Amino acid sequence: RKEVEQDPGPFNVPEGATVAFNCTYSNSASQSFFWYRQDCRKEPKLLMSVYSSGNEDGRFTAQLNRASQYISLLIRDSKLSDSATYLCVVSPYGGATNKLIFGTGTLLAVQP
Amino acid sequence: DTAVSQTPKYLVTQMGNDKSIKCEQNLGHDTMYWYKQDSKKFLKIMFSYNNKELIINETVPNRFSPKSPDKAHLNLHINSLELGDSAVYFCASSQEVKALSGNTIYFGEGSWLTVV
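Residues numbered from 1 in each chain as written. Chains lettered and ligands numbered in written order. Predicted model: local features only at pLDDT ≥ 70, side-chain atom pairs only at ≥ 80, totals over all residues. Heavy atoms only, no water.

Residue and element names in this part refer to chain A. Evaluated as defined, the whole model comprises 1 cavity of 30 Å³ or more. When its volume is computed, the largest cavity comes out at roughly 40 Å³. In terms of lining residues, the largest cavity is bounded by Glu3, Val4, Tyr25, Asn27, Ser30, Val90, Pro92 and Ile101. Of the residues in the lining of the largest cavity, the class split is 5 nonpolar, 2 polar and 1 charged. (1 Å grid on protein atoms, 1.4 Å probe; cavity = no way out; pocket = protein on both sides within 12 Å on 5 of 7 lines; lining within 4 Å. Points joined across faces, edges and corners; volume = space filled by probe spheres on them. Nonpolar A, V, L, I, M, F, W, Y, C, P; charged D, E, K, R; others polar.)

Right under this line is the structure:
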């Protein structure tokens, strides 16, 4: 089983749609969780951290369910510029080191 | 100014050659990394240095040798290149060693290595 699993997609959605990505992780000791965004042929960039209580940043909402070892990202009112690969990222070492485990990413294509 | 810069951006080379990729960060960060992203887009850490000291060394062939002359630089040297080494190599840096929510990792633009 992969340490971080995501549906690879692609998710093809029209502008204005709401889309949700899911991610599961295998190491129950994982402490830090993130969503990164990677545009085609570009480097990954931090989109948002994920907190236990859930957090929101504009149109983006992230949720964490530790019991189910499940992370989600919700994008409301999708824009063309949201088209990218969304990477679920987990740090399994409880803060001892900054070793990030990346999922393989979910490709989002927002259509006009 | 580019925060994390790596060179070259594109590199095409023959099997058996030795090549280096250089990385520099101007963010004043203490920790630097090398990640590899393969053809399936899977991004995996190779090495991590904190203040010039190696702290993460994943299962990477000995042909890969990182060098950190100072905390702002982390170079990657690869000996006897193989076809399977073809990938995108990302350098990155962060302020802290710990994976805290506020400790963002900043990636360079990547170096596309093709071994023929």
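Turning next to the pattern of salt bridges. All names here are of chain A. Summed over the entire model, instances satisfying the criterion amount to 8 salt bridges over all chains. Its salt-bridge partner being aspartate 82, residue arginine 59 comes within 2.8 Å of it at the nearest N-O pair. Here arginine 59, found in the loop between β6 (55-57) and β7 (60-65), pairs with aspartate 82, found in the loop between β8 (70-75) and β9 (84-91); they are 23 residues apart in sequence, far enough to count as distant. The class of arginine 59 is partly exposed, set by a relative accessible area of 22%. (Salt bridge = Lys/Arg side-chain N within 4 Å of Asp/Glu carboxyl O. Helix = DSSP H or I, 4+ residues; strand = E, 2+ residues; numbered from the N terminus. Buried < 20%, exposed > 50% of the residue type's maximum accessible area, 1.4 Å probe, protein only.)

Residues and elements named next belong to chain B. Within the open sheet, the 4 strands sit side by side as β1-β3-β8-β7. Their pairing is antiparallel. Edge strands, defined here as strands with exactly one partner in the open sheet, are β1 (4-7) and β7 (64-70). With strand direction ignored, the average angle separating the axes of adjacent strands in the sheet is 20 degrees. Relative to strand β8 (residues 73-78), strand β3 (residues 19-25) runs antiparallel, the two being bridged by 4 bridges. Within the sheet, the bridge partner assigned to lysine 19 lies in β8 and is isoleucine 78. (Pairing = 2+ DSSP bridges. Axes fitted to C-alpha atoms, helices over the stretch in contact; angles between N-to-C directions.)

Moving on: the side chain of glutamate 43 of chain A. For glutamate 43 of chain A, the location among the structural elements is in the loop between β4 (32-38) and β5 (44-50). One buried charged residue, glutamate 43 of chain A, remains without a salt bridge, the closest side chain of opposite sign being lysine 45 of chain A at 4.1 Å. Setting aside its immediate chain neighbours within four residues, glutamate 43 of chain A contacts Arg37 and Gln38 of chain A together with Phe90, Phe107, Gly108 and Glu109 of chain B. (Lys, Arg positive; Asp, Glu negative; His and termini not counted. Contact = heavy atoms within 4.5 Å.)

With that settled, the discussion passes to the interface of chain A and chain B. The interface of chain A with chain B comprises 20 residues on the first partner and 25 residues on the second. Buried area between chain A and chain B, summed over both chains or domains, comes out near 2000 Å², and the portion from carbon and sulfur atoms is 55%. Joining chain A to chain B, the criterion identifies 1 residue pair in polar contact (both at pLDDT 80 or more). When residues of the side of chain A that touches chain B are traced back to their parent elements, those giving at least two are β4 and β5 of chain A. Counting residues per element, the side of chain A that touches chain B draws most heavily on β4 of chain A, at 4 residues. A breakdown of the residues in the side of chain A that touches chain B according to their chemical character gives 8 nonpolar, 8 polar and 4 charged. (Buried area = accessible area lost by both parts, 1.4 Å probe. Polar contact = N/O pair within 3.5 Å; in protein donor to acceptor, adjacent residues only side chain to side chain.)

Moving on, we get to the nonpolar core. Ranked by size, the top nonpolar core spans 24 residues in total, and within it Phe21, Trp35, Ile71, Leu73, Ile75, Tyr86 and Leu108 of chain A carry the most contacts. Contributing elements (two or more residues each) for this core: β3 (19-25), β4, β5, β7, β8, β9 and β11 (106-111) of chain A. One finds Leu11, Val60, Ala87 and Leu113 of chain B within the second-largest nonpolar core, a separate group that totals 20 residues. (Core = buried A, V, L, I, M, F, W, Y, C linked by side-chain atoms within 4.5 Å.)

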